[in-house]
Amino acid sequence: MTYAITQTCCGDATCVAVCPVNCIHPTPQERAFGSTEMLHIDPATCIGCGACADACPVDAVFPVDRLPAALKEYAAINAAYFEGAGAPQQDPDGPNFHAWGEPDFPRVLPADFAPLKVAVVGTGPAGMYAAQDLLLHTNAEVTLIDRLPLAGGLVRYGVAPDHPATKKVGDAFARFHTHPRVRMHLGLDVGTDVTAQELAAHHDAVIYAVGASADRRLSVPGEDLPGSVAASAFVAWYNGHPEAAPEGFDLSAERVVVVGNGNVALDVARILLADPDDLARTDIAGHALAALRASAVREVVLLARRGPEHAAYTTSELLALTHLPGVELVVDDHDPRTAAAVEAAGPGSKAALLRGVTRRHLDGDEPPAAGRRIVLRFHSRPTEVLGEGRVEAVRVTSDAGERTLRAGMMLRAIGYRGLPVPGLPFDESTGTVPHEGGRVTGQPGTYVVGWIKRGPTGGIGTNRTCAAETVSTLLADAVAGTLPTPTRASRTFHRLARGRGRGRRGRRRAGAAR
């Protein structure tokens, strides 16, 4: 019995570490790791031991003969990854069917090293992978800080509620919240409640994992009309983000336009049209569920600047749309290049997955036809948002000409951008903090990880490799003696934080961290 990895794969390579026969690829040591959409199990070498399924933090691994109907495609997807010259080479003489690499312990400190006091700002995946590395590989004492009243970051407030397995990775992180060498301060904003200088004065090192919270803009006329909003705001609304107003969205229109075709665009389209009874079994915010039950939305049109061969969404997210009950997936064939790309697509490509999808011309001037549908409209970009007092239509241009799509709401899902961190340098062109291997340029003892370090690219698991690099740099600096010496005791910071935290402030402590 062989196993297959499915759509909720977080790519953090926990499964790779436990596989006794090295049949899961790409591994963190391989060039493709971090650039592929998910990891894959080689059916030719899998021995069916199930270690990967036991270790997977998001329940993405299943025996092939027990794959649910909606996931059966993943048996072929896993096998296809290993076809041809790209298949990893096995060592037939190795005791575990693969060659062992040289031992490497890049994230350790000498045994006689005094415990480092490290603050981690942000409790999303990037920050928690960094904290995990420090706690598992060193005797460091870690202070976790988040400006929100609940920990979790992207996992709690960014993952769609109908992806509960993906959210389970948060459980793996949460076990470190009560670690004996951890203190946590929630509802504490670095830059407002405490300064970066105060944080540095109380710790040997500070790691910023603050993400990329701003959305990119279209810069077209009418973009600021009511009803034209960032998809990130919609995601925050249905996930119950504490800064999202419960009454934030008017869903009285029958058609919604989403600009973008990445995973966030597909997420919001799916949530808009999913059966509310199915959503009721998730952790979706109550106010969002009530609004979706009363929603008039029946059609969501996704606009993509390029063709299906360049789609930004992942294969797994597209496949999820094809299995959405009661919702038809349609490709708008307004541009002949779309059909040509689909028909010419090679096996296993994202464009090839659209080969069996209905293609028809969308008449945006008319109300949506009966039923519910998601329309993928490639080779299109918005040039103007139209309306008197609120969004009423979106003007779209393509090589086939210009047309108007009647819609009552437009969501832009064209990417995120980092914001300046008070007290840190900032590159306006990239929306990131300048760094060298995670070490903030010109500020010894200050480090970055995640999207504020590398830009808004990569999924949850990408942060594991990113954090490993940053932590390795930090520990190398500690051994080299280049970390600044704190001028204040870390315990005085905890008193300061308790006095300055805002609103529903949380603090959790277990053990004797000082």
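Our structure is the block above this text.
Thresholds, definitions, all that
Residues numbered from 1 in each chain as written. Predicted model: local features only at pLDDT ≥ 70, side-chain atom pairs only at ≥ 80, totals over all residues. Heavy atoms only, no water. Helix = DSSP H or I, 4+ residues; strand = E, 2+ residues; numbered from the N terminus. Rg over C-alpha atoms; globule rule 2.2 N^0.38 Å. Buried < 20%, exposed > 50% of the residue type's maximum accessible area, 1.4 Å probe, protein only. Contact = heavy atoms within 4.5 Å. Areas by Shrake-Rupley, 256 points an atom, 1.4 Å probe, with all protein chains shown as cover. Lys, Arg positive; Asp, Glu negative; His and termini not counted. Charge placed at Lys NZ, Arg CZ, Asp CG, Glu CD. Salt bridge = Lys/Arg side-chain N within 4 Å of Asp/Glu carboxyl O. Pairing = 2+ DSSP bridges. Phe/Tyr/Trp six-rings, centres within 6.5 Å; stacked < 30°, edge-to-face > 60°. Core = buried A, V, L, I, M, F, W, Y, C linked by side-chain atoms within 4.5 Å. Axes fitted to C-alpha atoms, helices over the stretch in contact; angles between N-to-C directions. Expected span 1.5 Å × (residues − 1). Parallel < 35°, antiparallel > 145°, perpendicular 65-115°, else oblique. Left-handed = near helix turned anticlockwise from the far one by under 90°. Nonpolar A, V, L, I, M, F, W, Y, C, P; charged D, E, K, R; others polar.

Undergrad: Describe the overall build of the chain, naming the residues involved and giving the relevant values.
TA: The helix and strand tally for the chain stands at 17 helices and 24 strands. In terms of overall size, the chain behaves like a compact globule, its C-alpha atoms giving a radius of gyration of 24 Å where 514 residues would be expected to give roughly 24 Å. By principal-axis analysis of the C-alpha atoms, the chain measures approximately 70 × 65 × 40 Å. Relative to its full complement of 514 residues, the chain shows a buried share of 53%. When contacts within the chain are restricted to residue pairs at least 6 apart in sequence, those whose partners lie at least 24 apart make up 75%. Summed over all atoms, the accessible surface of the chain reaches about 22000 Å², with 52% contributed by carbon and sulfur. In the chain, 52 positive and 56 negative side-chain charges are present, and the distance between their average locations comes to 7 Å.

Undergrad: An account of the pattern of salt bridges is needed here, citing residue identities and associated values.
TA: All chains considered together, the criterion is met by 32 salt bridges. Taking the shortest distance from any N to any O, the salt bridge between Glu-243 and Arg-147 comes out at 2.4 Å. Of this pair, Glu-243 sits in the loop between helix H9 (231-238) and strand E11 (255-259) while Arg-147 sits in the loop between strand E6 (141-146) and helix H5 (154-157); the two residues are 96 residues apart in sequence, bridging distant segments of the chain. Of the residues examined, Glu-243 reaches a relative accessible area of 54% and is grouped as exposed. Arg-217 serves as the salt-bridge partner of Glu-223, at 3.5 Å between the closest nitrogen and oxygen. You can call Glu-223 buried: its relative accessible area is 2%. One network of salt bridges, with partners in common, ties together Asp-215, Arg-217, Glu-223, Asp-224 and Arg-412.

Undergrad: So what about unusual backbone geometry? Which residues, and what values?
TA: For the bond running from His-25 to Pro-26, omega is -5°, close enough to zero to count as cis. On the secondary structure map, Pro-26 appears in the loop between strand E2 (24-25) and strand E3 (40-41). With a phi close to 55°, Asp-59 is a non-glycine residue in the positive phi region. Relative to the elements of secondary structure, Asp-59 occurs in the loop between helix H2 (51-55) and strand E4 (61-63).

Undergrad: Report on the pairing of E6, specifying residues and quantitative values.
TA: Burial of E6 is extensive: 6 of the 6 residues sit out of reach of the surface. Where burial is concerned, the two faces of E6 agree: the one with Glu-141, Thr-143 and Ile-145 and the one with Val-142, Leu-144 and Asp-146 are both buried. Strand direction decides the pairing type here: strand E5 (residues 117-121) and E6, joined by 5 bridges, are parallel. Looking across to E6, one finds that Lys-117 is bridged to Glu-141.

Undergrad: Hey, could you go over the packing of aromatic side chains for me, with residue numbers and the actual values?
TA: Summed over the entire model, instances satisfying the criterion amount to 7 aromatic pairs. Here Phe-234 and Phe-249 contribute two aromatic rings whose centre-to-centre distance is 5.0 Å and whose plane-to-plane angle is 85°, an arrangement assigned as edge-to-face. Linking Phe-234 in helix H9 with Phe-249 in the loop between H9 and E11, this pair joins segments that are 15 residues apart in sequence. A relative accessible area of 0% places Phe-234 in the buried class.

Undergrad: An account of the nonpolar core is needed here, citing residue identities and associated values.
TA: Ranked by size, the top nonpolar core spans 61 residues in total, and within it Ile-5, Ile-24, Leu-39, Ile-41, Leu-116 and Ile-207 carry the most contacts. Here this core takes 7 residues from helix H4 (residues 125-137), the largest share from any one element. When residues no more than four places from it in sequence are discounted, the contact partners of Ile-5 are Cys-15, Ile-24, Met-38, Leu-39, His-40, Ile-41, Ala-60, Val-61, Tyr-74 and Asn-78.

Undergrad: Would you mind going over the sheet that holds strand E19 (residues 409-412) in detail, with residue names and values included?
TA: Read across the open sheet, the 7 strands follow the order E10-E19-E11-E12-E15-E13-E14; overall the sheet is parallel. Taken across any chain shown, the strands that pair with only one partner, and hence form the sheet edges, are strand E10 (228-230) and strand E14 (358-360). The mean inter-strand angle of the sheet, taken between neighbouring strand axes irrespective of direction, is 25°. Contacts between helix H10 (residues 263-273) and the sheet are confined to E11, strand E12 (299-303), strand E13 (327-332), strand E15 (372-377) and E19, with E12 contributing the most and set at about 170° to the helix.

Undergrad: Tell me about helix H16 (residues 462-480), residues and numbers included.
TA: Look at H16: 28 Å from first C-alpha to last across 19 residues, which is about the 27 Å you get at 1.5 Å a residue. Residues of H16 that are buried: Asn-463, Cys-466, Ala-467, Ala-468, Thr-470, Val-471, Ser-472, Thr-473, Leu-474, Leu-475, Asp-477 and Ala-478. Immediately downstream of H16, the backbone of Gly-481 shows phi near 75°, a positive value.

Undergrad: Could you give an account of the packing of H10 against helix H13 (residues 315-322), with specific residues and numbers?
TA: Direction vectors running N to C along H10 and H13 enclose 20°, while the axes themselves pass 10 Å from each other. Here H10 is positioned roughly parallel relative to H13, judged by the angle of their axes. The element H10 and its partner H13 pack so that their crossing is left-handed. Across from Asn-263, Leu-266, Asp-267 and Arg-270 in H10, the residues of H13 making contact are Glu-317, Leu-318 and Leu-321. Across the contact of H10 with H13, the residue classes tally to 3 nonpolar, 1 polar and 3 charged.

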